[in-house]
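The primary structure of each chain is shown beneath.
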Amino acid sequence: MDLTALPLRAAAARPHVLLVTTPGGTATRLAAERQLRLQDLPQARTPADADVLLVAGPECRGLRPAIDRLWQSLPAPRARARAATPGALPDALERCRAELAEPRGLRHAEHRHENPAGVGPDEGPDAEFGNGRDERDGDGGGAHDGHERHDGHGPDGGNGGHEGHEAGEYHGSHDSPGSHGSHESPGSHGSHGRHGGHESHGSHSDHGDSGPPWGLPMAGQGEDRDGLTLDQLHVPLGPFLADWPDGLAARLTLQGDVVQRLEFERPPVGGGGSCPPFWGEPWARAAAGERVAAGEGARRRAAAHADSLGRLLAVAGWAGAATTARRLRDDLLDGASSAELRPGVRRFARRVGRSRTLYWLTRGTGVLTAEAARDAGVTGPAARADGDVPARYRTWLAALVRDVDRLADRTPLDPAEDGPRGGAADGRWPSAALVRVLPGLLEGAELAAARLVVASLDPDPDELAAVPREVDA
Amino acid sequence: MTETAAWWSLLAAPALLLAGAVLAVAGDALLAARAAGRPATVRTALRPLLEVPRLLAAQPRRLPAADRLLWRLGVVTVPVAAVLSALVIPFGGTAVADLPVGVVWFNAMEVLTWAGLWLAGWGPNAAFSLIGGYRFVAQGLAYELPLMFALLSAATAAESLRVGDIAQAQHGLWFAVWMPLAFAVYLAGVLAFSFLGPFRYPAGEDVAAGVLGETSGVDRLLLEAGRWLWLTSGAAMAVPLFLGGGAGPGLPGWAWSTLKTLAVLAVLVWVLRRMPVVRADRYVEFAWVVLVPLTLVQVLVPALVVLGR
């Protein structure tokens with residue numbers, strides 16, 4: 001064998017996994033996060049750091065181009081799989097690792113259509129930008145090889161370069177007007193970040209001499225919050241970003257790292273939205289007339305709060321506490337009893353709730369008064385908290401502690417009781433209201449603070465994509 | 001007196017530094033495994049080393065309109081500066097180069113990291129990466145002055161900028177004992193210039209790993225190695241500055257140096273997961289309003305002691 005065999009085996013032994021969730025894939029995501037944690041497979045934050053692209057959840061047409069762009073940005077050697085259900089996960093991961101260890105595919109990108117596993121390692125001395133996909137697959141999406149299976153178990157194959165540019169959505173490059181004109185809202189500044197982008201249009205030759213250099217628009221200028229004229233960047237946030245509500249895409253106007261404006265795009269369509277969201281499932285079942293124990297609702301709500309706390313703590317960069325939150329979440333979903341969970345949950349709530357450092361770093365950000373929340377239709381913990389980010393995470397912690405005591409409650413669940421993100425309003429799942437209040441909260445915030453605010457409200461992508469919830473009259 | 005070592009120490013010093021960095025990574029992996037509910041075994045501790053072959057095999061990243069020259073320059077600067085900084089640190093009684101301005105050399109190498117990391121953020125021509133680079137500059141504005149005053153406290157007390165002299169000046173009483181504030185500020189500075197733990201703001205999760213976000217392959221390996229090498233170098237430098245260098249009963253100087261360095265390193269690694277990331281906008285306020293005055297007073301203490309001697 002050659003020199004590459006050993007490093008390839010090393011990559012297969014501990015691949016970094018870029019986990020992407022499509023709407024309706026929460027249960028699969030939770031299973032994947034647990035498996036990655038227990039097997040010590042690090043989660044990649046960006047495609048640059050990933051060896052495996054793992055899509056958790058059902059096929060979603062609206063997100064497909066974004067996922068394909070992520071795939072294009074993965075450096076070779078790489079592998080890709082989709083698991084629609086938690087049961088398909090171990091298989092999918094195992095196959096990806098086998099592909100990574102198998103050096104045969106590395107230098108034979110042209111055979112990738114024959115490769116049933118759909119590994120399309122990129123290579124190519126002709127690659128000038130990105131990974132060279134742009135030239136070959138750039139226009140038309142015809143390159144989408146047709147062996148992607150939709151049964152939810154098969155590998156999500158393909159290198160399909162639908163759009164011929166890099167996965168900007170993931171890590172914050174701005175849009176080029178040429179490639180993403182539809183995203184450009186009318187009357188926007190017409191100015192684009194010089195530094196933001198690495199979305200390539202392909203090669204030099206795509207652009208005449210008159211075009212912007214490298215196909216990238218230059219930064220425009222605009223007034224900042226202090227009235228100074230500074231460069232503006234247009235950066236897409238999402239639909240896929242580490243510890244971000246997956247599938248939620250926002251267009252961000254940045255000056256430096258200060259958010260000037262943020263507009264959310266419509267939630268992705270095309271699949272996944274037919275069944276009730278994972279976190280709201282007990283309430284949906286109760287509303288449909290099924291007899292559900294209140295303890296089941298409490299368990300689901302507690303797990304949802306632990307999940308949200310894990311995300312918030314990860315965004316805040318508190319690795320230890322984030323891991324604890326996610327372990328508690330997994331234990332809750334495993335069906336651990338109140339007595340088993342109580343000491344750990346209490347300790348966790350004390351540690352996080354009383355942390356002066358976390359309070360110091362988050363206080364004063366994203367203040368949402370109860371009144372403003374009511375006006376926007378926000379219910380649940382975000383409305384009850386009536387305050388800033390610390391108020392919201394403390395509300396979650398209090399609810400978590402309370403719910404853990406109620407796990408054995410056998411009385412029937414009242415469908416009108418608040419779910420993890422509140423009750424239904426206007427016949428819609430509560431997350432829609434959370435997204436509505438976000439732009440107002442984020443304007444003028446630093447990017448770091450903006451991320452904390454989003455994580456402290458934590459809209460559920462499943463709820464955003466789901467059909468409106470029927471409310472009992 | 002610290003002596004200058006033979007030529008081969010030029011190879012031994014980076015090797016020792018690397019060994020320390022590997023131990024730190026292994027320790028961090030063990031703590032991470034315990035937190036995640038995995039068994040903490042030798043295998044667990046060594047698994048992060050698989051990153052080295054993994055990253056060597058990975059395709060380097062190419063991006064449109066990237067500033068490739070400056071990007072590479074920045075990426076290489078970080079580990080190189082870390083290794084260069086270690087040259088003035090005495091190991092027992094010998095250093096590779098016991099410069100008369102050793103403290104300044106160490107500080108200069110550390111500031112070189114600013115340039116390196118900023119360039120590493122600038123190079124890929126991507127928004128989050130650039131924000132990461134600027135975050136390090138903002139963080140630098142916060143931690144650098146208190147760190148320099150902490151270094152100055154030790155230098156003032158020893159009346160010398162030579163690292164060997166500073167270690168010698170602590171016979172009987174470590175500077176860490178009567179200048180605890182300078183010691184604490186120095187340790188925070190070590191975490192800050194290795195952008196790890198609470199100070200990994202430039203590579204924060206909220207900006208998708210910031211300066212590291214666009215790097216893959218060897219570039220990433222160099223940056224990751226750079227931050228752990230810096231952590232080790234900072235821990236090793238704490239020994240002559242605040243913990244009496246290689247002095248100690250019973251054991252030879254090199255053994256004491258090693259033990260003390262590993263102890264400091266263990267404390268630093270332990271802190272890594274126990275705190276949220278300190279946002280630079282909040283830390284600048286704290287650093288300038290609280291830490292700078294306090295460290296100035298701290299410098300004043302040894303100055304008065306020296307005058308009154």
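Residues numbered from 1 in each chain as written. Chains lettered and ligands numbered in written order. Predicted model: local features only at pLDDT ≥ 70, side-chain atom pairs only at ≥ 80, totals over all residues.

J.: Got a minute to help me understand the UniProt feature "transmembrane region" (unreviewed entry) in chain B in this structure?
T.: All names here are of chain B. Here, the residues flagged by UniProt with the feature "transmembrane region" (unreviewed entry) are residues 6–33, 69–91, 111–134, 141–161, 173–196, 228–247, 253–272 and 284–307. Segment residues 6–33 splits into 89% helix and 0% strand. End C-alpha atoms: 41 Å apart. The span residues 253–272 is 100% helix and 0% strand, and its two end C-alpha atoms sit 29 Å from each other. (UniProt positions renumbered as here; feature names shortened; annotations may be inferred. Helix = DSSP H or I, 4+ residues; strand = E, 2+ residues; numbered from the N terminus.)

J.: In this structure, what is going on with the domain arrangement of chain A? I would like to understand it.
T.: It is common to give the size of an interface as the accessible area lost on bringing the parts into contact. Residues and elements named next belong to chain A. Domain boundaries assigned for chain A yield domain 1 (5–137), domain 2 (170–178 + 191–264) and domain 3 (281–465). At the junction of the two partners, domain 2 supplies 15 residues and domain 3 supplies 20 residues. Ranked by the residues each element gives to the side of domain 2 that touches domain 3, the list is headed by strand E7 (residues 258–264), at seven residues. Classifying every residue of the side of domain 2 that touches domain 3 by side-chain character gives seven nonpolar, two polar and six charged. (Domains from an automatic or database assignment. Contact = placed C-beta atoms within 7 Å. Nonpolar A, V, L, I, M, F, W, Y, C, P; charged D, E, K, R; others polar.)

J.: Can you help me understand the environment of Pro252(B) in this one?
T.: Along the chain, Pro252(B) falls in the loop between helix H10 (217–242) and helix H11 (253–272). Between the alpha carbons of Pro252(B) and Leu70(B) there is a distance of 44 Å; along the sequence they are 182 residues apart.

J.: Would you mind going over unusual backbone geometry with me for this structure?
T.: Put simply, Ala76(A) and Pro77(A) share a cis peptide bond, and its omega is -5°. Here Pro77(A) lies in the loop between helix H3 (64–73) and strand E3 (79–83). Phi is positive for Asp243(A), which is not a glycine, with a value near 55°. Note on placement: Asp243(A) falls in the loop between strand E5 (229–237) and strand E6 (250–255). On the basis of neighbour count, Asp243(A) is assigned to the buried category, with 22 C-beta atoms found within 10 Å. If you check the backbone angles, Ala209(B) has positive phi at about 70° while not being a glycine. (Buried ≥ 20, exposed ≤ 12 C-beta atoms within 10 Å, placed from the backbone.)

J.: Would you take a moment to explain the nonpolar core for this structure?
T.: Side chains that are nonpolar tend, in soluble globular proteins, to be buried together. Ranked by internal contacts, the top residues of the largest apolar core, which has 223 residues, are Leu18(A), Val20(A), Leu53(A), Leu54(A), Ala154(B), Tyr186(B) and Ala238(B). Looking at this core, the element that brings in the most residues is helix H6 (residues 127–158) of chain B, giving 17 residues. Once residues within four sequence positions are removed from consideration, Leu54(A) is found in contact with Val17(A), Leu18(A), Leu19(A), Val20(A), Ala32(A), Ala81(A), Ala83(A), Ala92(A) and Leu93(A). One finds Trp283(A), Ala286(A), Val292(A) and Leu413(A) within the second-largest nonpolar core, a separate group that totals six residues. (Core = buried A, V, L, I, M, F, W, Y, C linked by C-beta atoms within 7 Å.)

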